[in-house]
Amino acid sequence: MPEAIGVDYDGLIPNNVGLNADRRLRRALESWYPGCLDWWKEHGPEGFQSSLVYLRTAMSVEPEGWAKFGFVRMPEYRWGILLAPPVRGRRIPFGAHRGEPAWQEVPGEHRAMLRRLIVVQGDTEPASVEQQRRLGRTAPSLYDLRNLFQVNVEEARHLWAMVYLLQKYFGRDGREEAEDLLRRHSGNEDSPRLLGAFNEATPDWLAFFMFTFFTDRDGKMQLHALAQSGFDPLSRTCRFMLLEEAHHMFIGQSGVGRIIERTCAAMREAGIDDPADIERVRRLGVIDLPTIQKRANLHFSLTLDLFGSEISTNAANAFNAGLKGRYLEDQIEDDHLLVDATYPVLRLKDGHIVKQDLPALSALNMRLRDDYVADAASAVERWWNRAIARAGIGYAIHLPHVAFNRRIGEFAAIHADPEGNIMGAEEWQRRRGEFLPSAADDAFVASLMRPVTEPGQFASWIAPPPAGIDGKPGDFEYVKFSQ
Ligand code: BYC
């Protein structure tokens, strides 16, 4: 059935999916809503529930002017259900059903697989809010505090988006899955989030910016792959989510970029040329570049695990079924079936890392990961290394080898340094602190985390942004505490 396009803002749940005409679904969502609000208050941003925050809210699904800015108390944020406009006559773009009309209902034979993909995607969204819940107390500025909250409310909207799909299309087990999304918690021993990186701590603002740079970029790749889905409601949902995701990555790339800019400026002012002179750099109240490199090593490697194993029958099945495609599938020129195609995969053979041509269908996780690595590497150059070069400092941030520090897939069983040289467990233990943040590195970063709440002021370790949000001036009060 074609769905309504206009956004209805009158009801409890703003939507463009014709909720008013679907009483069963509206009741299901309205009965899930109080639990979600409880979850937000208990597991969302700690200590700022009654503050007024200058947030953007999605108001329309047109690419131009889709959001509106204004002061909002976070629990009153309008978490809407918004799908990108339908593409008339859309057909399944890949897999065994290629060329058939895109599904408007769940294809019965692929129901379990589709539900699993939606649940995994849905699980990551509240997980990230939980991971970031304590950061508000140490924000380096009101501008950054507002950006954190913007990311948090939008991740919660993405949770809504997946819950809508579960409740509308999966009946009773969809409703149970929706409840479980509020029951699992990041880092919880008994009931953890589904994927590894979403159970890691986000202890400080450098971790937050690294997470939004690296892990939200996995979100971008996975959402692109799901946006190709033959299940049209999933495709349309993900297409709209990608609009919001882009801003999250901007916060990450510019956040780390501003830290780098401040570090380089402080080094120049103090006449320090050697980035490895860590103690002197740290005494300036800024984060040394080698520590930033180690944090990048950590977040990059944790995020690579989110792509699953290089060789995966799950990924092959999801592609064959027409449920999850490749990055920019509709722009690739091949048969979109991959029956006889091969793809080069990095593998471990007799203690060496080698490239092997393997069936492309089973190598889809590897391919998406390759696309991710290329995307991340170019962003590192553009946003971080240019800033270092502009300051005239002889240093560059590099992404480590994909075999470095892995828990999932081909390289989980070995240890490798950031260049991909394989080493024994003993050497790894001895040299780990060269590659990954040590307790002392983390303690130093933690020592800098003191809140700055004066409008227009910034912590010593981060440069102000070149422009405000929504064209606001530098001293704009993005968060008002005393309301
Ligand atoms: N941790 O065939 P395999 C985002 C499991 S981020 C724990 O190797 P598959 C966001 C796997 O579930 C994007 N378990 O891999 C970012 C499977 O278990 P079952 C989130 C893992 O299935 C920032 C078994 O190992 N979206 O949006 O092809 C803030 C064998 O799996 C892990 C998605 O991920 C792991 N890291 O691929 C907020 C898209 N990796 O089923 C939000 C939907 C694998 O045998 N998800 N396993 O019990 C998927 O497409 C796939 O589930 C995965 C795994 C890519 C995650």
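Residues numbered from 1 in each chain as written. Predicted model: local features only at pLDDT ≥ 70, side-chain atom pairs only at ≥ 80, totals over all residues. Heavy atoms only, no water.

### Looking at the nonpolar core
- Membership of the largest hydrophobic core comes to 132 residues, with the highest contact counts inside it found for I260 and W384.
- The leading source of residues in this core is helix α3 (residues 142-169), at 17 residues.
- Discounting residues that sit within four places of it in the chain, I260 has contacts with L289, I292, W384, A387, I388 and I397. (Core = buried A, V, L, I, M, F, W, Y, C linked by side-chain atoms within 4.5 Å. Buried < 20%, exposed > 50% of the residue type's maximum accessible area, 1.4 Å probe, protein only. Helix = DSSP H or I, 4+ residues; strand = E, 2+ residues; numbered from the N terminus. Contact = heavy atoms within 4.5 Å.)

### A closer look at the pattern of salt bridges
- In the structure shown here, the tally under the stated rule is 32 salt bridges.
- Put simply, D441 and K294 hold a salt bridge, and the shortest N to O gap is 2.7 Å. Separated by 147 residues along the polypeptide, D441 in helix α12 (residues 439-448) and K294 in helix α8 (residues 289-304) bring together distant segments of the chain. Both residues of the pair, D441 and K294, belong to the buried class.
- In this structure, the salt-bridge partner of D442 is R295, at a minimum N-O distance of 3.2 Å. You can see D442 sitting in helix α12 and its partner R295 sitting in helix α8, a full 147 residues away along the chain. (Salt bridge = Lys/Arg side-chain N within 4 Å of Asp/Glu carboxyl O.)

### Topic: the pairing of strand β3 (residues 342-349)
- Pairing geometry for β3 and strand β4 (residues 352-359), over 8 bridges, is antiparallel. Paired with P344 across the two strands is D357, which belongs to β4.
- Between β3 and the antiparallel strand that follows it, β4, lie 2 residues; D350 among them carries a positive phi value of about 50°. (Pairing = 2+ DSSP bridges.)

### Examining the site of the ligand
- With respect to spatial proximity, 28 residues lie near the ligand, and among them Q121, S309, S312, N314 and K324 are the closest.
- One of the backbone nitrogen or oxygen atoms of D305 is found 2.9 Å away from a nitrogen atom of the ligand.
- Of all the secondary structure elements, the ones that give two or more residues to the shell around the ligand are α2 (111-131), α5 (205-227) and α9 (313-320).
- Take the shell around the ligand: its biggest share by element is 7 residues, from α2.
- Tallied by class, residues from the shell around the ligand come to 9 nonpolar, 12 polar and 7 charged. (Near = heavy atom within 4 Å. Polar contact = N/O pair within 3.5 Å; in protein donor to acceptor, adjacent residues only side chain to side chain. Nonpolar A, V, L, I, M, F, W, Y, C, P; charged D, E, K, R; others polar.)

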